[in-house]
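# Survey of secondary and tertiary structure
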Amino acid sequence: MQNKLTSYRLLTPGPVPLPTEVLNALAQPILHHRTPEFEAILQRVWAGLKWIFETEQQVMMLTSTGSGAMEAALVNTLSPGDSVLAVINGKFGERWADMAERFGAIVTRIQVPWGESVQIAQLQSELKKTGDYKALLVQAVETSTATQNPIFEIGQLLKNHPQCLFMVDAITGLGAMTLPMDQWGIDVMVAGSQKAFMLPTGLSFIALSDKAWQAQKHAKMPRYYFDLELELKANKKGQTYFSSANSHTVALDVVFQRFIKRGKNLIKARCEILAEATRAAGQALGLKVYSKSPAVSVTALELPVSVDGQKLRDHLEKKYFVTFMGGQDQLQGKILRIGHLGYITDEDMRAGFTSLAESLKEFKMPGIQTPLVLDTLNHILARGPHAD
Ligand SMILES: *Cc1c(COP(=O)(O)O)cnc(C)c1O
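A few points on the structure. (Residues numbered from 1 in each chain as written. Predicted model: local features only at pLDDT ≥ 70, side-chain atom pairs only at ≥ 80, totals over all residues. Heavy atoms only, no water.)

Turning next to the site of the ligand. Around the ligand sit 14 residues in total, of which Thr65, Ser67, Thr143, Asp169 and Lys195 are the nearest. The contact in question runs from an oxygen atom of the ligand to an N or O atom on the backbone of Gly66, over 3.0 Å. Within the side chain of Ser67, a nitrogen or oxygen atom sits 2.5 Å from an oxygen atom of the ligand. Protein coverage of the free-state accessible area of the ligand, which is 380 Å², stands at 89%. Looking at the shell around the ligand, the elements with two or more residues in it are helix H4 (66-75) and helix H5 (91-102). (Near = heavy atom within 4 Å. Polar contact = N/O pair within 3.5 Å; in protein donor to acceptor, adjacent residues only side chain to side chain. Areas by Shrake-Rupley, 256 points an atom, 1.4 Å probe, with all protein chains shown as cover. Helix = DSSP H or I, 4+ residues; strand = E, 2+ residues; numbered from the N terminus.)

So, in structure tokens, the structure goes:
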């Protein structure tokens, strides 16, 4: 009998599998958060966050999922009645726009067809039409459609609109793609623990540019738990404002030791090779890549109409102990989403794709050749880098 918890493979775009060292860190006795030992860890973790955000600003940690940091981004910089432009490539774009509206912003939605990235020309004409947008909201990677947006180019465009804050949800982008916050003129960037950070769900990260901190002084949206002014003040004294998420923080220290040893380029290269291998293995299975602007952190593969994606996923979990994500809304049952973040080994990929190939055969999809799929996968994975 296989043990589900030890032989289980998590190939989703968050949460992600964690290396043993990180799991062990999470199992240590609790350190109180107001002790010198813990405060030394906090300092190292803050330095690591600046390194990965590529910013001189303080990157604050919030005890919330990524959506909490998305809310903090809005309520700390905007006032009810402010005009906001939101790029919508899928579910997370919709969520951010809805949040802004709930807090009283006047939101204009740029609807991008699912699976496509936003066109710069489309943004440019919208920004020209209405001169007073206070913020532009965009996902670096829209996880629901596995689509990447042109963040650098949007930053260039916004240089001509200095009143508009550039807010980037980098939750599935950071760690997988280059997103240097300061250099690219990003005013507010948010990230989450269960994606590239190789931690359990429950911590989020946020940094504000000088311009965003200026806006914060006049921002009137209501806030208490997510008041970043209080958080920054506490951080300057070497503490978090509320109780720190101590186990997550201790584990994040271990993650950064691994990251810094490995280097940003290798971390990114690992995601890229996993993405390339996934696209090629998918094609060897006869499955098309869904997105026209595929992300490096997550890949969506289109399933044939004869295969019910929900049933396929249930089967993969029950019989093979492999978890992939499915599609949401109009994509429900129609795509499989495979994550490339976190601690994914070559063996996880082989097991994942063997299980997928066998399951598709069991679902009567014609023409599945498991050895061809594995050859395709191995050929690309052999180029490395491998998981460390
Ligand atoms: C995962 C994710 C989030 C945050 O979701 P939570 O469930 O709140 O952690 C936000 N945006 C994107 C693009 C994501 O992938």
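Examined against the element boundaries, Ser244 turns out to sit in the loop between helix H9 (228-236) and helix H10 (246-262). Only 2.7 Å separates the side chain of Ser244 from the side chain of Thr240, close enough to count as a polar contact. Those residues within four positions of Ser244 in sequence are excluded, and the remaining contacts are His33, Phe38 and Leu42. (Contact = heavy atoms within 4.5 Å.)

This part covers the nonpolar core. Phe53, Leu136, Phe205 and Leu252 are the most contacted members of the largest nonpolar core, which has 70 residues in total. Tallying contributions element by element places helix H3 (residues 36-53) first for this core, with eight residues. Filtering out sequence-adjacent residues up to four positions away, Leu136 remains in contact with Leu85, Val87, Leu123, Ile154, Leu158, Cys164, Leu165, Phe166 and Met167. Counting 35 residues, the second-largest nonpolar core is a separate cluster that includes Leu62, Ala72, Trp96 and Leu137. (Core = buried A, V, L, I, M, F, W, Y, C linked by side-chain atoms within 4.5 Å. Buried < 20%, exposed > 50% of the residue type's maximum accessible area, 1.4 Å probe, protein only.)

A separate point is H10. With 17 residues, H10 extends 25 Å from end C-alpha to end C-alpha; this agrees with the ideal 24 Å at 1.5 Å per step. Of all 17 residues making up H10, 13 are buried, and the element is well covered by its neighbours. (Expected span 1.5 Å × (residues − 1).)

Another point: the pairing of strand S3 (residues 83-88). Burial runs high along S3: six of the six residues are buried. Neither face of S3 is left uncovered, since the one carrying Ser83, Leu85 and Val87 and the one carrying Val84, Ala86 and Ile88 both have all their residues buried. Relative to strand S4 (residues 106-111), S3 runs parallel, the two sharing six bridges. Counted as the bridge partner of Ile88 is Gln111 from S4. Between the parallel elements S3 and S4, the chain passes through H5 in a crossover that is right-handed. Where S3 and strand S5 (residues 135-139) come together, three bridges link them in parallel fashion. Bridge pairing in S5 links Leu85 to Leu136. (Pairing = 2+ DSSP bridges. Right-handed = clockwise from strand over helix to strand, strands pointing away.)

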